[in-house]
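Listed here are the chains, written in short residue letters.
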Amino acid sequence: MLCSDKAVTVLVGRAGTGKTTSVLKPVVALHQQAGFKVMGMALAAEAAKNLAVETGCHAETIAYYTHRWKQIPELQAALATDTLSAREKNKAIRNLESYQKTLPTKDTVIIVDEAGMVGTKDWHQLVAMADSTGAKLIVCGDDHQYKAIDAGDVFRKSIEMAEARGCMAEVSYIFRQTPDWMKQASMDLAKLETTTAL
């Protein structure tokens, strides 16, 4: 499913299920082998770094990408005027060329990890960019873990919509713990059944 041609797919994986190493790593490899550019993203820098290390894709924060995307039309507008000095023009050209390299295309897969932490404003920018460029969007996370600091619980709604449209996958097997009782406790905690887990 995550390697299908659907524009948006959702991967839900509880803590310890290995969604990054067991699922996303081969998804990244398959897309790269097929000639796709894979862009990893996460709200937090540490999560982006972890995504890059564990999957082998280039990953940055969402703010890294959205800031650059927003600057592109501003740089183009500035270059269209005759108000820049030669030095300012050269700097604007270098920045524009650099920022344009961050734009996705129809041959790009955008993977958003820890998607439950992403607020509505960032979601809007990501979905709009994927839609306008034809890029594929894979969103991953655990709706029982950290929530968005900004307004909105878009990931939970994305899960509902993806499930209804048949483009949601869920990883439920616990890889991180090995004894059965620890696996069961992890699953109970993931289902917010704290008393049972203890």
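This report concerns the structure included in the present document. (Residues numbered from 1 in each chain as written. Predicted model: local features only at pLDDT ≥ 70, side-chain atom pairs only at ≥ 80, totals over all residues. Heavy atoms only, no water.)

**Looking at the packing of aromatic side chains**
Going by this rule: Only rings of Phe, Tyr and Trp enter the pairing, Trp through its six-membered ring, and a pair is recorded when the two centres are within 6.5 Å. The plane angle decides the type: under 30 degrees is stacked, over 60 is edge-to-face, the rest tilted. Remark: exposure states derive from per-residue accessible area (1.4 Å probe, protein chains only) relative to the maximum for the residue type, with buried under 20%, exposed over 50%, and partly exposed in between. Helix and strand definitions here come from DSSP, where helices need a minimum of 4 consecutive H or I residues and strands a minimum of 2 consecutive E residues; each element is numbered from the N-terminal end.
Taken as a whole, this structure holds two aromatic pairs when the rule is applied. Geometrically, the ring pair formed by Tyr64 and Tyr65 is edge-to-face, given 5.2 Å between the ring centres and 90 degrees between the ring planes. For Tyr64, a relative accessible area of 25% corresponds to the partly exposed category. Ring centres of Tyr65 and Trp69 lie 6.0 Å apart, and the angle between their planes is 35 degrees; on these two criteria the pair is classed as tilted. On the criterion of helical spacing, the pair formed by Tyr65 and Trp69 is a turn pair, its members being four residues apart in helix H3 (residues 62–79).

**Things to note about the packing of H3 against helix H4 (residues 86–100)**
To be explicit about the condition: Here the axes come from fitting lines to C-alpha atoms, over the contacting stretch only for helices, and the angles between their N-to-C directions go from 0 to 180 degrees. Crossing handedness is read from the near helix: turned anticlockwise from the far helix by less than a right angle, it gives a left-handed crossing, and turned clockwise, a right-handed one. For this analysis, residues touch if any pair of their heavy atoms sits within 4.5 Å. When residues are sorted by character, Ala, Val, Leu, Ile, Met, Phe, Trp, Tyr, Cys and Pro go into the nonpolar class, Asp, Glu, Lys and Arg into the charged class, and all the rest, Gly among them, into the polar class.
Across the interface, H3 lies against H4 with an axial gap of 9 Å and an inter-helix angle of 140 degrees. For H3 against H4, the interelement crossing comes out left-handed. When H3 is examined against H4, the residues His67, Arg68, Gln71, Ile72, Leu75, Gln76 and Leu79 are found in contact with a partner set consisting of Lys89, Ala92, Ile93, Asn95, Leu96, Tyr99 and Gln100. Classifying every residue of the contact of H3 with H4 gives seven nonpolar, five polar and two charged.

**What about H4?**
In plain terms, the rule: Multiplying one less than the number of residues by 1.5 Å gives the expected span of a helix. Within this analysis, the arc is defined by the directions that extend from the helix axis to the C-beta atoms.
Its 15 residues give H4 an end-to-end C-alpha distance of 21 Å, which sits within 8% of 21 Å, the value for a rise of 1.5 Å per residue. Here H4 has its buried residues at Ala92, Leu96 and Tyr99. One face of H4 carries all of its buried residues, which in axial projection span an arc of 70 degrees. Every exposed residue of H4 that faces more than 90 degrees away from the buried side is listed here: Ala86, Arg87 and Arg94.

**Comments concerning the sheet that holds strand E2 (residues 37–42)**
Worth spelling out the cut-off: Any two strands with at least two DSSP bridges between them are considered paired.
Ordered by their spatial adjacency, six strands build an open sheet running E3-E2-E4-E5-E1-E6, and the pairing between neighbours is parallel. At either end of the open sheet lies a strand with only one pairing partner, and these are strand E3 (58–61) and strand E6 (168–171). When strand polarity is set aside, the average angle formed by the axes of neighbouring strands in this sheet is 20 degrees. Strand direction decides the pairing type here: E2 and strand E4 (residues 108–113), joined by six bridges, are parallel. Paired with Ala42 across the two strands is Asp113, which belongs to E4. Along the sheet, helix H5 (residues 120–133) contacts E2, E4 and strand E5 (136–141); its crossing angle with E5, the most-contacted strand, is approximately 150 degrees.

**Re the pattern of salt bridges**
So the rule is basically this: A pair is scored as a salt bridge if a Lys or Arg side-chain nitrogen falls within 4 Å of a carboxyl oxygen belonging to Asp or Glu.
The full count for this structure, using the stated rule, is one salt bridge. Asp107 is the partner of Lys106 in a salt bridge, and the nearest nitrogen-oxygen pair spans 3.4 Å. The partly exposed category is assigned to Asp107, whose relative accessible area is 37%.

**Let's talk about the layout of surface pockets**
Convention followed: A pocket, in this scheme, is an open set of points on a 1 Å grid over the protein atoms alone with protein on both sides within 12 Å along at least 5 of 7 lines, while a cavity is a set where a 1.4 Å probe fits but cannot get out; residues line either one if an atom lies within 4 Å of a point. Grid points are joined across faces, edges and corners, and a volume is the space filled by probe spheres set on the points.
Counted as a void, the second largest pocket has a volume near 250 Å³. Residue lining of the second largest pocket: 13 residues in total, with Val8, Val127, Ser158, Met161 and Arg165 positioned closest to the centre. Looking at the lining of the second largest pocket, the elements that each hand over two or more residues are strand E1 (8–13), H5, E5 and helix H6 (154–165). The biggest single contributor to the lining of the second largest pocket is H6, with five residues. Split by residue class, the lining of the second largest pocket holds ten nonpolar, two polar and one charged.

**A closer look at the nonpolar core**
This is how the line gets drawn: By nonpolar core we mean a set of buried residues, namely Ala, Val, Leu, Ile, Met, Phe, Trp, Tyr and Cys, connected to one another through side-chain atoms within 4.5 Å.
Membership of the largest hydrophobic core comes to 23 residues, with the highest contact counts inside it found for Val10, Met41, Trp69, Ile110, Val112, Val139 and Phe155. Per element, the largest residue contribution to this core is four residues, and it comes from H5. For Val139, the contacting residues outside a window of four places in its chain are Thr9, Val10, Leu11, Val112, Ala115, Trp123 and Phe155. In this structure, Leu11, Ala42, Ala47 and Ala59 belong to the second largest nonpolar core, which totals 17 residues.

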